[in-house]
Amino acid sequence: MSFIPLWPASISGYSHQVDLLVVCFTVLIVALSAPVFILIVVFAARYRRGRAANRKHPVNRNVVAEVSWSAIPFLALIGFYVWSTELFAGLHRPPTGELEIDVVAKQWMWKFQHPEGQAEIDELHVPTGQPVKLTMASQDVIHSLFIPALRIKQDVVPGRYTGLWFTADKPGTYRLACSQYCGTNHSEMIGSFVAMKPADYAKWLSQSSNDPSLAAEGAALFRGRGCSGCHGPASTVHAPSLVGLYGKPVPLQSGEVVVADDEYLRDSILLPQSQIVAGYPSIMPTFQNVLSEEDTLKIVAYIKSLRPGEATQ
Ligand code: HEC
Ligand SMILES: [Cu+2]
């Protein structure tokens, strides 16, 4: 690789498509603007002062040429609009069977949480060939996760979850960085992205810390923070059961019906007054400033693991 990496490694189907888009767009822009600049030079030479040239300028209309030099670039640009929008929108439609990894950004580090409980700082290990979905939260200011080899970048915004997904195809160690100026040590908010063959990833998982799984840590918080006092099966408080909640539509007091996704669960815990479940009193206290984003992600993982017939609160 040269001193300034002009063309970073490209290791996913998505990154190849982004490269293709950029190359094609550059070709189109050059094809549209080069004739203008070439003709400026040619005409400046041919018709310069004192040169014997034919300066007659008869009216000369060619409707086909005039329409096509507007219509063809227009259609080509609309084509690029559709192509790039489709690529961008696909980033937010993860396929099923993905590996879910939680990301917490804070000044000035990245923390990655694997579902089995392994946590890592400024390093992200993922298996190749499997879609990985990142759910990201910020503990303080706006950060942005940038993994050039995958051609993905997504802001991490305090107060909400953002997400994206990718499938890395080529094993190797690449770079990741924060690409949003976030304070004094922003430039040190960098790390490595390690794509590993599935067998190596499994080995890595088993060798790294054997913390309890995210859902198990969430279960402990759920009891320790008093959630189970209202939401547990033995509770006498009129509060909804959370078993089987994830992914289901929830009717709200406002008449709206929302789907219980990650963001909804987070808001229900940190901003319980914003969306009251129909038929329940709004007595749930807020856990904002009580639970960190990391703990909230663990509780969300626990609630997601509660499936009817399997789990006990
Ligand atoms: C004082 C009792 C109480 C406590 C403590 C409590 N909740 Fe709640 N919770 C409720 C009630 C009542 C509702 C329904 C009304 C509403 O939406 O606010 C609710 C709603 C929810 C919902 C939305 C449920 C749905 O069906 O859509 C979630 C998720 C939730 N709580 C999680 C938690 C978590 C996690 C904790 C602990 C950090 C917690 N709650 C602590 C009483 C409580
Ligand atoms: Cu940052």
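Refer to the structure printed above.
Computed from a predicted structure; not experimentally measured.

S.K.: Where do I start with the environment of Arg49 in this structure?
M.R.: Mapping Arg49 onto the fold places it in the loop between helix 1 (13-46) and helix 2 (63-90). We classify Arg49 as exposed; its relative accessible area is 84%. Considering only alpha carbons, one finds Arg49 and Glu120, 71 residues apart in sequence, at a separation of 71 Å.

S.K.: What's the story with the side chain of Ser12 in this structure? I'm lost.
M.R.: Along the polypeptide, Ser12 turns up in the segment before helix 1. Leave out the neighbours within four places in its chain, and Ser12 touches Leu150, Thr167, Ala168 and Asp169.

S.K.: Quick question: what am I supposed to make of the site of ligand 1 here?
M.R.: Neighbouring residues of ligand 1: 27 residues in total, closest Cys227, Cys230, His231, Tyr264 and Met284. Between His231 and ligand 1, the recorded distance is 2.7 Å, taken from a side-chain N or O atom to a nitrogen atom. At 3.4 Å from an oxygen atom of ligand 1 is found a main-chain nitrogen or oxygen belonging to Gln275. Elements with a contribution of two residues or more to the shell around ligand 1: helix 5 (227-231) and helix 6 (262-270). Broken down by element, the shell around ligand 1 gets its largest block of residues, four residues, from helix 6. Residue composition of the shell around ligand 1, grouped by class: 22 nonpolar, five polar and no charged.

What counts and what doesn't
- Residues numbered from 1 in each chain as written.
- Chains lettered and ligands numbered in written order.
- Predicted model: local features only at pLDDT ≥ 70, side-chain atom pairs only at ≥ 80, totals over all residues.
- Heavy atoms only, no water.
- Helix = DSSP H or I, 4+ residues; strand = E, 2+ residues; numbered from the N terminus.
- Buried < 20%, exposed > 50% of the residue type's maximum accessible area, 1.4 Å probe, protein only.
- Contact = heavy atoms within 4.5 Å.
- Near = heavy atom within 4 Å.
- Polar contact = N/O pair within 3.5 Å; in protein donor to acceptor, adjacent residues only side chain to side chain.
- Nonpolar A, V, L, I, M, F, W, Y, C, P; charged D, E, K, R; others polar.

Any link to function would need more than the numbers given here.
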